[in-house]
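# What the coordinates show
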Amino acid sequence: MKSTRRLPRRIAQAACALALVLPLAACDALTPGSAATVQGPRSVPSSTAVPEGDVTLRIQFADAPPMVDALIAAFEKGHPGISVEPQYKTFTDYVQNLKLTMTSDSAPDIAQYAVGMTDLAQDGHILDLAPYREAYGWDDAIPPVSLDQLTAGQQSAATGGRALFGVPAGLSMTGIYYNKELAKKAGIDGPPRTLAEFEDQLAAAKDADLTPLGVGGLDTGGLHLWAALLNQTMPTDDYWDWVNGSKDATVENKAGLTASELVVEWGRKGYYNESANGTAQIDSTAQFAQGDSVFLINGNWAAGQLATTMGDDVGFFPMPGEQAGDPTVASGFSVAYAVSSRTEHPEAAGAFLDFLTTPEAGQIISDNGFLPPNPEAVAKPEGVLADVAEGHRRAVDDGGITTFPDFAAPAMLDRLRSGVQKLIADRVEPADYLDSLQDEWEEHHAE
């Protein structure tokens with residue numbers, strides 16, 4: 001059975017880059033909107049009063065455009081003086097350009113939290129939200145585990161407490177969707193209890209002349225597949241040590257090799273959709289909804305779309321463990337938002353972040369397939385949304401929500417995405433793939 005730790009401590013570790021554990025100088029003289037390059041996090045003002053007059057905020061993000069649009073519409077209805085302009089980017093483009101985006105004079109007021117944000121905060125480009133945490137009472141509105149993901153280890157210059165660099169708008173996890181009608185045709189009567197049973201189900205789908213597993217390998221779908229398998233083969237403590245940059249941590253081990261070999265083996269057996277590496281995750285989801293595969297690897301961010309298009313014919317389960325009764329372990333993180341230090345409207349940005357903690361926003365988040373930070377504040381989900389919520393609850397109870405592997409280093413995403421594409425195409429040896437990841441890890445953590 002896997003070794004686990006208590007969830008809050010592990011998630012807090014994952015959110016804190018090495019640079020942020022060092023003491024930071026107070027920067028009280030720096031104000032939001034300043035382009036000064038003095039290092040150290042800057043704090044939002046303690047006031048929550050939104051200035052009078054018309055205000056426009058720009059928000060840049062990479063996940064769930066329908067959810068963001070709905071949140072903006074509801075917020076603007078309650079705040080007629082504030083307009084919010086959405087700027088959607090694909091996940092890959094967003095992460096690759098995040099540093100350039102947030103250090104430019106045209107940085108958005110609000111940006112989705114992603115890999116590299118802690119480094120940006122260290123250099124003063126992301127505001128410390130600790131004053132708003134106290135002023136708005138976010139500790140009462142948001143469960144501690146949700147804020148711990150976004151709380152840094154160093155002291156907040158403004159409050160004396162721990163610095164906060166984002167507010168969650170929904171919790172995520174990856175897993176497997178299944179088409180109930182196609183599964184029945186293949187003789188599959190429900191979610192598997194073990195990883196071996198899932199392999200048997202993939203084989204049954206293939207034998208029934210159906211495409212077993214939809215993968216959007218062009219961007220991040222392949223990464224989610226590999227990470228889901230690694231979550232089952234690698235002890236969670238070892239995984240967190242690797243992601244967090246602990247001394248001598250490595251992914252070049254038996255667990256990493258087993259997960260990588262499975263990706264290759266499933267490709268050789270024809271389990272993936274045709275042209276998986278040329279298919280974007282959003283397209284693999286649309287194809288699955290049209291009945292092109294029995295299973296789909298994706299995250300809960302697709303649940304709202306699939307619930308709308310497939311109704312009761314779609315289900316969801318986390319990737320099962322090697323043994324029945326193993327803890328539920330799945331990659332996940334909060335879809336959260338940070339505030340740029342260059343914003344001219346920190347109070348208006350704070351009002352938007354506070355809106356994300358309300359029951360109204362929570363219902364919008366839930367309706368779009370995400371897990372609201374406070375699930376008790378929304379109506380009980382049904383159908384596939386209920387499956388996702390139950391899977392997430394089990395993973396949280398088991399201490400099994402792990403962050404995505406690209407958090408191991410700012411440049412890790414490229415190595416992961418291209419490497420898994422080669423695994424799917426059987427164009428790289430699993431050991432060589434793992435060696436490339438470890439090289440990137442060592443280059444970053446040697447700093």
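Residues numbered from 1 in each chain as written. Predicted model: local features only at pLDDT ≥ 70, side-chain atom pairs only at ≥ 80, totals over all residues. Heavy atoms only, no water.

Identification of the protein chain as Extracellular solute-binding protein from Streptomyces ureilyticus is taken from an unreviewed UniProt entry.

## A word on empty space enclosed by the protein
Inspection of every chain in the model, using the stated rule, returns 1 cavity of 30 Å³ or more. Taken as a whole, the largest cavity encloses approximately 40 Å³ of empty space. Every residue along the wall of the largest cavity is listed here: Thr174, Gly175, Ala228, Asn231, Gln232, Met319, Val329 and Ala330. Residue assignment for the lining of the largest cavity shows that the elements contributing at least two residues are strand S9 (174–179) and helix H11 (221–233). Here the lining of the largest cavity gets 3 residues from one element, more than from any other, and that element is H11. When grouped by side-chain class, the residues that make up the lining of the largest cavity number 4 nonpolar, 4 polar and no charged. (1 Å grid on protein atoms, 1.4 Å probe; cavity = no way out; pocket = protein on both sides within 12 Å on 5 of 7 lines; lining within 4 Å. Points joined across faces, edges and corners; volume = space filled by probe spheres on them. Helix = DSSP H or I, 4+ residues; strand = E, 2+ residues; numbered from the N terminus. Nonpolar A, V, L, I, M, F, W, Y, C, P; charged D, E, K, R; others polar.)

## Overview of unusual backbone geometry
Of note, the phi angle at Ala64 is positive, near 55 degrees, even though the residue is not glycine. As for its placement among the helices and strands, Ala64 is situated in the loop between strand S2 (55–61) and helix H2 (65–78). With a phi angle near 65 degrees, Asp209 is a residue other than glycine that sits in the positive phi range. In this fold, Asp209 is placed in the loop between helix H10 (195–207) and strand S10 (213–214). We classify Asp209 as exposed; its relative accessible area is 73%. (Buried < 20%, exposed > 50% of the residue type's maximum accessible area, 1.4 Å probe, protein only.)

## Looking at helix H14 (residues 281–289)
For H14, the full list of buried residues reads Gln281, Ser284, Thr285 and Phe288. For H14, the buried positions fall inside an angular range of 100 degrees around the axis, keeping them on one side. (Arc of directions from axis to C-beta.)

## Details of the environment of Ala64
Assessed through its relative accessible area of 14%, Ala64 is described here as buried. Residues Ala64 and Ile365, 301 residues apart in the sequence, show an inter-C-alpha distance of 9.7 Å.

## Observations regarding the sheet that holds strand S14 (residues 334–339)
Within a sheet, each strand pairs with its neighbour through backbone hydrogen bonds, oriented either parallel or antiparallel. Taken in spatial order, the 5 strands of this open sheet run S3-S2-S4-S14-S8, and their pairing is mixed. In the strand order of this sheet, the two ends are held by strand S3 (82–88) and strand S8 (167–171), each with one partner. Across the sheet, the axes of successive neighbouring strands diverge by a mean angle of 20 degrees, strand direction being ignored. Of the strand pairs in this sheet, S8 and S14 are connected by 3 bridges, and their pairing is antiparallel. The residue of S14 that forms the bridge with Pro168 is Ala336. Seen against the sheet, H2 touches S2, S3, S8 and S14 and runs at an angle of roughly 175 degrees to S3. (Pairing = 2+ DSSP bridges. Axes fitted to C-alpha atoms, helices over the stretch in contact; angles between N-to-C directions. Contact = heavy atoms within 4.5 Å.)

## Examining the sheet that holds S10
Here 4 strands make up an open sheet; going across it, the order is S10-S11-S9-S12 and the pairing mixed. Only two strands of the sheet have a single partner each, and these edge strands are S10 and strand S12 (314–317). In this structure, S10 lies alongside strand S11 (residues 295–299), joined through 2 bridges in parallel fashion. Note on S11: the bridge partner recorded for Leu213 is Phe295. Contacts from helix H15 (residues 303–310) reach S9, S11 and S12 within the one sheet, and its direction differs from that of S9 by about 10 degrees. Along the sheet, helix H18 (residues 383–397) contacts S9 and S12; its crossing angle with S12, the most-contacted strand, is approximately 0 degrees.

## Considering a negative patch on the surface
A cluster of acidic residues, Glu252, Glu261, Glu429, Asp432, Asp435, Asp439, Glu442 and Glu443, forms a negative patch on the protein surface. The leading source of residues in the negative patch is helix H20 (residues 430–445), at 5 residues. Mapped onto the elements of the fold, Glu261 is located in helix H13 (residues 254–268). (Patch = residues over 30% accessible without salt bridge, like charges linked within 9 Å, V, L, I, M, F, W, Y side chains within 5 Å. Areas by Shrake-Rupley, 256 points an atom, 1.4 Å probe, with all protein chains shown as cover. Salt bridge = Lys/Arg side-chain N within 4 Å of Asp/Glu carboxyl O. Lys, Arg positive; Asp, Glu negative; His and termini not counted. Charge placed at Lys NZ, Arg CZ, Asp CG, Glu CD.)

## Here we look at the nonpolar core
Counting 111 residues, the largest nonpolar core has Trp226, Trp266, Phe295, Tyr337 and Leu353 as its most contacted members. The residues that make up this core include at least three from each of domain 1 (55–172 + 333–386) and domain 2 (174–332 + 403–445). The contact partners of Phe295, leaving out residues within four places of it in the chain, are Ile176, Tyr177, Tyr178, Ile188, Phe198, Gln201, Leu202, Pro212, Leu213, Gly214, Phe288 and Phe317. With 18 residues, the next largest nonpolar core counts Met173, Ala302, Val314 and Ala395 among its residues. (Core = buried A, V, L, I, M, F, W, Y, C linked by side-chain atoms within 4.5 Å. Domains from an automatic or database assignment.)

## Regarding the packing of aromatic side chains
Evaluated as defined, the whole model comprises 15 aromatic pairs. For the ring pair Tyr178 and Phe317, a centre distance of 5.8 Å and an interplane angle of 45 degrees mean the geometry is tilted. Taken together, the positions of Tyr178 in strand S9 and Phe317 in strand S12 put the pair 139 residues apart, joining distant regions of the chain. Across the pair, Phe317 and Tyr178 agree in class, each one buried. Each ring, one from Phe295 and one from Phe317, has its centre 6.2 Å from the other, and the planes form 85 degrees; the classification is edge-to-face. Remark: Phe317 occurs in strand S12 and Phe295 occurs in strand S11; sequence separation between them is 22 residues. Across the pair, exposure class does not vary: Phe295 and Phe317 are buried alike. Taken together, Tyr178, Phe198, Trp266, Phe295 and Phe317 form an aromatic cluster joined through their ring pairs. (Phe/Tyr/Trp six-rings, centres within 6.5 Å; stacked < 30°, edge-to-face > 60°.)

## Thoughts on the layout of surface pockets
In this structure, the largest pocket occupies an estimated 840 Å³ of space. The wall of the largest pocket is formed by 37 residues, among which Ala62, Asp63, Ala64, Gln281 and Trp301 lie closest to the centre. Going through the elements one at a time, H2, helix H3 (91–96), H11, H14, H15 and S14 are the ones with two or more residues in the lining of the largest pocket. Grouping the constituent residues of the lining of the largest pocket by class yields 21 nonpolar, 13 polar and 3 charged.

## Examining the pattern of salt bridges
Per the counting criterion, the structure on display carries 8 salt bridges. Arg417 serves as the salt-bridge partner of Asp414, at 3.3 Å between the closest nitrogen and oxygen. Pair noted here: Asp414 and Arg417 are both in helix H19 (residues 412–424), with a separation of 3 residues, about one helical turn. For Asp414, a relative accessible area of 34% translates into the label partly exposed. Owing to a relative accessible area of 16%, Arg417 belongs among the buried residues under this scheme. A salt bridge links Glu440 to Arg415; the nearest nitrogen and oxygen atoms lie 3.5 Å apart. Of the two residues, Glu440 sits in helix H20 while Arg415 sits in helix H19, which places them 25 residues apart along the sequence. The exposure class of Arg415 is partly exposed, given its relative accessible area of 28%.

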